[in-house]
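As a plain string of letters, each chain reads:
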Amino acid sequence: MGISAGGGNAEKPMSEINTTPLVDVMLVLLIIFLIAVPVVIQNVKVKLPSVRFDPTTTKPENVSLSVRGDGSGGCEIYWMVTKVTSTELLDRAVAKLKLEIARQGGPNAPGVELPEAHIRGDVDTPYKCIGGAIFQMQQAGFAKVGFISEPEPGGGTVRQ
């Protein structure tokens, strides 16, 4: 839309488009994007540790479990080298924890160190098997449940 100020044929409509409001809106959007983009793409620089693996300290009171699939969708759980079912696993874990607490002077004794559960899982083991073993150990009362993995060939502990 436009206004004609005198001269020429006043009855003929003006066919030019006023682009000033469009340019104003585009400039405002450009300024908004120039301000907003650096805020969005900021990142926090973090130096991550370069530890390949942490060596495990084996204590006699810790429980070593091996978990693998049986090939037909089931699970095989071994307490040390003895094959156990999930109910036997829970019973053994509760008994082991009670025995260790009693050996250290009872639940209210100062400095009671609870044993840990170390799980060795085969690479091809379904997650439900390993998850079930973790769940059973947590149900028994084990607070520390960890995984044992094989270190990279030629690798060692790198600490900085």
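Numbers given to residues run from 1 along each chain, matching the order in which its sequence is written. Side-chain atom pairs in this predicted model are given and counted only at pLDDT of 80 or more, local residue features only at pLDDT of at least 70, and totals for whole chains, interfaces and linings cover all residues. By convention in this description, side-chain values take in all heavy atoms of the structure and omit both hydrogens and water.

**A short note on the pattern of salt bridges**
What counts as a salt bridge is simple: a side-chain nitrogen of Lys or Arg found within 4 Å of a carboxyl oxygen of Asp or Glu. Evaluated as defined, the whole model comprises three salt bridges. Measuring nitrogen to oxygen at the nearest pair gives 3.8 Å for the salt bridge that ties Glu76 to Lys83. For Glu76, a relative accessible area of 13% puts it in the buried group. The partner of Glu100 in a salt bridge is Arg103, and the shortest N-O contact between them spans 2.4 Å. We call a residue buried when its accessible area falls under 20% of the maximum for its residue type, exposed when it is over 50%, and partly exposed in between, using a 1.4 Å probe and counting protein chains only.

**Remarks on the sheet that holds strand β1 (residues 63–69)**
At least two bridges found by DSSP between two strands are what make those strands a pair. Helical segments are the DSSP runs of H or I of at least four residues, strand segments are the runs of E of at least two, and each set is numbered from the N terminus. Strand order in the open sheet formed by five strands is β3-β2-β1-β4-β5, and the pairing between neighbours is mixed. The sheet is open, and its two edges are formed by β3 (82–84) and β5 (145–148), each paired on a single side. Each adjacent strand pair in this sheet contributes to an overall mean axis angle of 35 degrees, direction not counted. Sheet topology note: the strand β4 (residues 117–121)/β5 ladder contains four bridges and is parallel. Paired with Ala117 across the two strands is Val145, which belongs to β5. Strands β1, β2 (75–79) and β3 of the sheet are contacted by helix α2 (residues 86–103), whose axis makes an angle of about 115 degrees with β3. Here an angle of 0 to 180 degrees is reported between the N-to-C directions of two axes, which are lines fitted to C-alpha atoms, with helices fitted over the stretch in contact. Whether two residues are in contact is decided by their heavy atoms: any pair within 4.5 Å suffices.

**Quick word on the nonpolar core**
The tendency in soluble globular proteins is for nonpolar side chains to be buried as a group. Here, nonpolar core means buried Ala, Val, Leu, Ile, Met, Phe, Trp, Tyr and Cys residues that are tied together by side-chain atoms lying within 4.5 Å of each other. Grouped together as the largest cluster of nonpolar side chains are 18 residues, with contacts concentrated most on Leu65, Trp79, Leu89, Met137 and Phe142. Where this core is concerned, the elements lending two or more residues are β1, β2, α2, β4 and α3 (127–140). Of all the elements, α3 adds the most residues to this core, at six residues. Every residue in contact with Met137, bar those within four places of it in the chain, is listed here: Val63, Leu65, Trp79, Leu89, Ala93, Ala117, Phe142 and Val145.

**A closer look at the side chain of Gln136**
The topology assignment puts Gln136 in helix α3. Of the residues examined, Gln136 reaches a relative accessible area of 16% and is grouped as buried.

**Observations regarding the state of the cysteines**
By definition, a disulfide links two cysteine residues through a covalent bond between their sulfur atoms. Cysteine sulfur atoms that come within 2.5 Å of each other are treated as a disulfide pair. Using the criterion set out here, one finds one disulfide in the structure. One disulfide in the model links Cys75 with Cys129; its S-S distance is 1.9 Å. The sign of the S-S torsion, about -80 degrees, decides the handedness of the disulfide formed by Cys75 and Cys129: left-handed. Of this pair, Cys75 sits in strand β2 while Cys129 sits in helix α3, placing them 54 residues apart in sequence.

**Observations regarding α3**
A helix is expected to span 1.5 Å multiplied by its residue count minus one. Compared with an ideal rise of 1.5 Å per residue, which puts 14 residues at 20 Å, α3 spans 20 Å between its outermost C-alpha atoms and is within 8% of the ideal. Cys129, Ile130, Gly131, Ala133, Ile134, Gln136, Met137 and Ala140 are the residues of α3 that are buried. Elements that come into contact with the buried residues of α3 comprise β1, β2, α2, β4 and β5. Phi turns positive one or two residues past the end of α3, at Gly141, with a value near 115 degrees.

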